[in-house]
Amino acid sequence: GEKVYLCGKIDRIDIAKAKKDEQKGYLRIIDYKSGEKKLDLTKIANGIQIQLPIYMKAAKEKYSEVQPAGMFYYTLKDKIINKENPTKNSTQENDEGMVLHGMYIEEPEVLQKLERDMGQKSTVINLSKYPSGKIYRNNEKLSRDNFEKVIQMAVDSATEAVKRLNKGDISINPYKLGKDETGC
């Protein structure tokens, strides 16, 4: 087959090195966005949102000594400072909105690496726990196998797009999801 090179820049790669009792460390990638963005399996499957999974594939190849933990978007927002009490951590929006949104591998070790000291609610990733410890209101949690399938879906989608371009298909065909969302 023909090789195609994609260019991009991963905004942030976090690596948690393996401890003595672990075979491999963990890899987390984060892409900073100025607007609200969340990973959507439907969009990935339809080739609309493939950037983060493609980045994860590239990071996995570069850092083969670690295994994926998660891939996330982080929305850059201005923090709101309380004028009367600047040391007080402003509004609920800061607490709610300043977390990672994305997909992670649903394994206890991964969750420990993503959020070391989680109480009822994570301050790092978008998830909370019931008092029983069961997780609710969360990012997309996937088995390791399904996480790899998501990455492969994105790769397959990029491959198909390249094949269409190589055949001369440059037709205007914006995506449409539901009634309101389009690529225009």
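Scroll up to find the structure.
Quick caveat: nothing in here was measured; it's all calculated off a predicted structure.

What counts and how
Residues numbered from 1 in each chain as written. Predicted model: local features only at pLDDT ≥ 70, side-chain atom pairs only at ≥ 80, totals over all residues. Heavy atoms only, no water. Phe/Tyr/Trp six-rings, centres within 6.5 Å; stacked < 30°, edge-to-face > 60°. Helix = DSSP H or I, 4+ residues; strand = E, 2+ residues; numbered from the N terminus. Buried < 20%, exposed > 50% of the residue type's maximum accessible area, 1.4 Å probe, protein only. Core = buried A, V, L, I, M, F, W, Y, C linked by side-chain atoms within 4.5 Å. Contact = heavy atoms within 4.5 Å. Pairing = 2+ DSSP bridges. Axes fitted to C-alpha atoms, helices over the stretch in contact; angles between N-to-C directions. Polar contact = N/O pair within 3.5 Å; in protein donor to acceptor, adjacent residues only side chain to side chain. Salt bridge = Lys/Arg side-chain N within 4 Å of Asp/Glu carboxyl O. Expected span 1.5 Å × (residues − 1). Parallel < 35°, antiparallel > 145°, perpendicular 65-115°, else oblique. Nonpolar A, V, L, I, M, F, W, Y, C, P; charged D, E, K, R; others polar.

A. Just the packing of aromatic side chains, in detail. Taken as a whole, this structure holds one aromatic pair when the rule is applied. Taking 6.0 Å as the distance between ring centres and 85° as the angle between the ring planes, the aromatic pair formed by Tyr32 and Tyr74 counts as edge-to-face. Placement of Tyr32 in strand β2 (residues 25-33) and of Tyr74 in strand β3 (residues 66-75) is noted, with a sequence separation of 42 residues between them. With relative accessibility at 30%, the residue Tyr32 sits in the partly exposed group.

B. The nonpolar core, seen in detail. In this structure, Ile29, Leu39, Leu52, Met56, Met71, Met103 and Phe147 are the most contacted members of the largest nonpolar core, which totals 24 residues. Elements represented by at least two residues in this core include exactly β2, α2 (51-62), β3, β4 (101-105) and α5 (144-166). When residues of this core are assigned to their parent elements, the largest contribution, six residues, is made by α5. Non-local contacts of Met56, meaning those with residues more than four positions away in its chain, are made with Leu27, Ile29, Pro68, Gly70, Met71, Phe147 and Ile151. Membership of the second largest hydrophobic core comes to six residues, among which are Phe72, Tyr74, Leu100 and Leu111.

C. Region of interest: the sheet that holds β4. Spatially, the five strands line up as an open sheet ordered β1-β2-β3-β4-β7, and their pairing is mixed. Unpaired on one side and paired on the other, β1 (12-16) and β7 (140-142) mark the two borders of the sheet. Each strand axis lies, on average, 15° off the axis of its neighbour in the sheet, ignoring direction. Inspection of the sheet shows β3 paired to β4 by four bridges, in the antiparallel sense. Bridge pairing in β4 links Tyr73 to His101. Against the sheet, α2 engages β1, β2 and β3, with an angle of about 145° to β2. Contacting β2, β3, β4 and β7, α5 crosses the sheet at an angle of about 65° to β3.

D. Summary view of the environment of Glu107. Here Glu107 lies in the loop between β4 and α4 (108-114). Along the sequence, Glu107 and Leu142 sit 35 residues apart, while their C-alpha atoms lie 8.8 Å from each other. Within the local environment of Glu107, its side chain forms a polar contact with the side chain of Arg144, the two groups lying 3.0 Å apart.

E. Local environment of the pattern of salt bridges. Across all of its chains, the model carries nine salt bridges by this definition. Measuring nitrogen to oxygen at the nearest pair gives 2.6 Å for the salt bridge that ties Arg28 to Asp14. A residue pair is termed long-range when its members are at least 10 positions apart, and Arg28 in strand β2 and Asp14 in strand β1 qualify at 14 residues. The residues Arg28 and Asp14 share a single accessibility class, namely buried. Ionic pairing is found between Lys33 and Asp31, a salt bridge with its closest N-O pair at 2.9 Å. By sharing partners, the salt bridges in this structure join Arg12, Asp14 and Arg28 into a single network.

F. Seen up close, α5. Here α5 is 23 residues long and its end C-alpha atoms lie 33 Å apart, about the 33 Å a rise of 1.5 Å per residue gives. For α5, the full list of buried residues reads Phe147, Val150, Ile151, Ala154, Val155, Ser157 and Ala158. Looking at the buried side of α5, the elements it contacts are α1 (41-45), α2, β3, β4 and β7. Gly168 occupies a position one or two residues after α5 and carries a positive phi of about 90°.

G. Broad picture of the packing of α2 against α5. Contact pair α2 / α5: the axes reach a minimum separation of 8 Å and the direction vectors enclose 105°. When the axis of α2 is compared with that of α5, the two are roughly perpendicular. Judged by residue contacts, Pro53, Ile54, Met56, Lys57 and Lys60 of α2 engage Phe147, Glu148, Val150, Ile151, Ala154, Val155 and Ala158 from α5. Partitioning the contact of α2 with α5 into residue classes produces nine nonpolar, no polar and three charged.

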